[in-house]
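Overview (structure and organization)
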Amino acid sequence: MIKLSHPHGDKLDVLASRGRLRRLSLPNGVDLSSNDYLGLARSPELAARLIEALQRGVATGSGGSRLLRGHHEEHEELEAEAARFFGAQRMLYFGGGYSANLAILSTLPQAGDLILYDALVHASAYDGIRASRADALSIPHNDAHAFEATLKSWRQGGGKGCPWIVVESLYSMDGDVAPLADLAEIAERYGAFLVIDEAHATGVHGPNGRGLAATFEGREDVITLHTCGKALGAFGGLVGASRLMCDFLINRARPFIYATAPPPLQALAVREALALIQAEPQRRKALQDLAAFANNKIGERLGLPTSGTQIIPVLLGEDGKAVRVAEKLQAAGFDIRAIRPPTVPARTARLRITITLNVDQEIIERMVDQLARILEDER
Ligand SMILES: Cc1ncc(COP(=O)(O)O)c(C=O)c1O
């Protein structure tokens, strides 16, 4: 038999030799790694509302693209309700935050425009930028001055198109917060659009859980992304923008046009989740208290800097070490995952600890003690 040579196996071997081979593993142990911040993914209240919706005949599949017969009342109702809640001029519901980011950035910036993106933006934004016809420059993380200086020199150098500033409000792997007020002011001064990915802030931060960009939402030059698979415990991505930009996305965004629309039942789940977070602000308060407790414990017991938010990275540097420490925590019953390059920059492999309402103070305390012992052994 002829043996076919495939480069793929060799490439996987290289990943393995660098400690970067990934394998799928089911949730095991207590949740200290999911983005189900408010514990809604298994909420009995949401489940009951979905069962009732199913019994009323709400469809489990949309049957086609939003531009064809896949557009349903539940999509319209969600988009109207979400626009009211977040304060956006209009909202569009996508089948996931990944495709929403891909759609925004591959569609809205035009040839001759310049995209300035924070060096730590999520892969979905990066992929959208790569697919765009605009030029793009990476800006050092959270450096508002660098955004401004780059914009200025581009304009002085004859840049005529529209600039686009692309950031996350709360960074997914670092848990730190963008200087949004400065960036919004820079955007206004330079006639730039400001694209804010609220994936990890939606439902958790800002007034009523409307996100950290709530005060800028609704501005003509601001585009937001509120993902629905994290604190909202559901699935999808809501893009908030002006009516004009939403019309442009409907007409031109390939991930919107050439994809089956999200199930009507899913749109309804998001609407119910939005209703729940408004009805139960105590969830947000409980999460904030628990996150503060975890940050203090990690800071005190491990002597490490912490983010202050519900995403707490513990930087370990070397890939192998991050995997080893994560495995030891998992063996002790704590589901904490190692995050390695290329998801994070080289030499910054880390544990990404997330605080959700799926755990309590006692669990966090035990986890921090265990982590302290493991790190001691690693020395
Ligand atoms: C910052 C950020 N943006 C976008 C996404 C993509 O969203 P989704 O998981 O809904 O596709 C994620 C999730 O991984 C994220 O962390």
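Residues numbered from 1 in each chain as written. Predicted model: local features only at pLDDT ≥ 70, side-chain atom pairs only at ≥ 80, totals over all residues. Heavy atoms only, no water.

Broken down by element type, the chain carries 13 helices and 12 strands. For the chain, whose C-alpha radius of gyration is 22 Å, the value lies close to the compact-globule estimate of 21 Å for 379 residues. If you line up the chain on its principal axes, its C-alpha atoms span 60 × 60 × 60 Å. Counting only residues that meet the buried cut, the chain has 52% of its 379 residues in that class. Relative to all contacts within the chain whose residues are 6 or more apart in sequence, the contacts with residues 24 or more apart total 73%. Of the roughly 17,600 Å² that the chain leaves accessible, carbon and sulfur atoms contribute 53%. Both charge centroids of the chain, one from 42 positive and one from 45 negative side chains, sit 5 Å from each other. (Helix = DSSP H or I, 4+ residues; strand = E, 2+ residues; numbered from the N terminus. Rg over C-alpha atoms; globule rule 2.2 N^0.38 Å. Buried < 20%, exposed > 50% of the residue type's maximum accessible area, 1.4 Å probe, protein only. Contact = heavy atoms within 4.5 Å. Areas by Shrake-Rupley, 256 points an atom, 1.4 Å probe, with all protein chains shown as cover. Lys, Arg positive; Asp, Glu negative; His and termini not counted. Charge placed at Lys NZ, Arg CZ, Asp CG, Glu CD.)

Take the sheet that holds strand E12 (residues 349–354) next. Across a sheet, paired strands are connected by hydrogen bonds in the backbone, their directions being either parallel or antiparallel. One open sheet holds the three strands; their spatial order is E9-E12-E11, and the pairing between them is antiparallel. Both outer strands of the open sheet, strand E9 (311–317) and strand E11 (337–339), are each paired with one neighbouring strand and no more. Ignoring which end each strand starts from, the neighbouring axes of this sheet average 35 degrees apart. (Pairing = 2+ DSSP bridges. Axes fitted to C-alpha atoms, helices over the stretch in contact; angles between N-to-C directions.)

What follows is about empty space enclosed by the protein. This structure, assessed with the given rule, holds one cavity of 30 Å³ or more. Roughly 40 Å³ of volume is contained in the largest cavity. If you go around the largest cavity, the residues you meet are Ala88, Gln89, Glu217, Gly218, Arg219, Val222, Ile223, Thr224, Gly240, Ala241 and Ser242. Breaking the lining of the largest cavity down by element, the ones donating at least two residues are strand E7 (222–227) and strand E8 (237–241). Considering each element in turn, the lining of the largest cavity owes the most residues, three residues, to E7. Class assignment for the residues of the lining of the largest cavity results in four nonpolar, five polar and two charged. (1 Å grid on protein atoms, 1.4 Å probe; cavity = no way out; pocket = protein on both sides within 12 Å on 5 of 7 lines; lining within 4 Å. Points joined across faces, edges and corners; volume = space filled by probe spheres on them. Nonpolar A, V, L, I, M, F, W, Y, C, P; charged D, E, K, R; others polar.)

Further remarks concern the pairing of E7. Among the six residues that make up E7, six are buried, leaving the element largely enclosed by the rest of the structure. Neither face of E7 is exposed, since Val222, Thr224 and His226 on one face and Ile223, Leu225 and Thr227 on the opposite face are all buried.

What follows deals with the site of the ligand. Close to the ligand lie 14 residues; Gly97, Tyr98, Asp197, His200 and Lys230 are nearest. At a separation of 2.6 Å, a nitrogen atom of the ligand approaches a polar side-chain atom of Asp197. Protein contacts shield 81% of the accessible area of the ligand, which totals 380 Å² for the unbound molecule. Because more than half of its atoms lie within 2 Å of the grid, the ligand is assigned to the largest pocket. Counting residues per element, the shell around the ligand draws most heavily on helix H4 (residues 97–107), which supplies three residues. Classifying every residue of the shell around the ligand by side-chain character gives two nonpolar, nine polar and three charged. (Near = heavy atom within 4 Å. Polar contact = N/O pair within 3.5 Å; in protein donor to acceptor, adjacent residues only side chain to side chain. Sits in = over half its atoms within 2 Å of the grid points.)

Among all positions of helix H7 (residues 180–190), only Leu180, Leu183, Ala184, Ile186, Ala187 and Tyr190 are buried. For H7, the buried positions fall inside an angular range of 160 degrees around the axis, keeping them on one side. In H7, the exposed positions angled more than 90 degrees off the buried face are occupied by Ala181 and Glu188. One or two positions beyond H7, positive phi appears at Gly191, with a value near 65 degrees. (Arc of directions from axis to C-beta.)

Pro342 follows Pro341 through a cis peptide bond whose omega is 5 degrees. With respect to the element layout, Pro342 can be found in the loop between E11 and E12. Despite not being glycine, Arg347 shows a phi value in the positive range, around 65 degrees. On the secondary structure map, Arg347 appears in the loop between E11 and E12. Under the relative-accessibility criterion, Arg347 is labelled exposed at 70%.

In this fold, Asn295 is placed in helix H11 (residues 281–302). Side-chain polar atoms of Asn295 contact the backbone oxygen of Ala291, separated by 2.8 Å. Excluding anything up to four places from it in sequence, Asn295 contacts Thr306, Ser307, Gly308, Thr309 and Ile312.

Keep in mind these numbers describe shape, not what the thing actually does.
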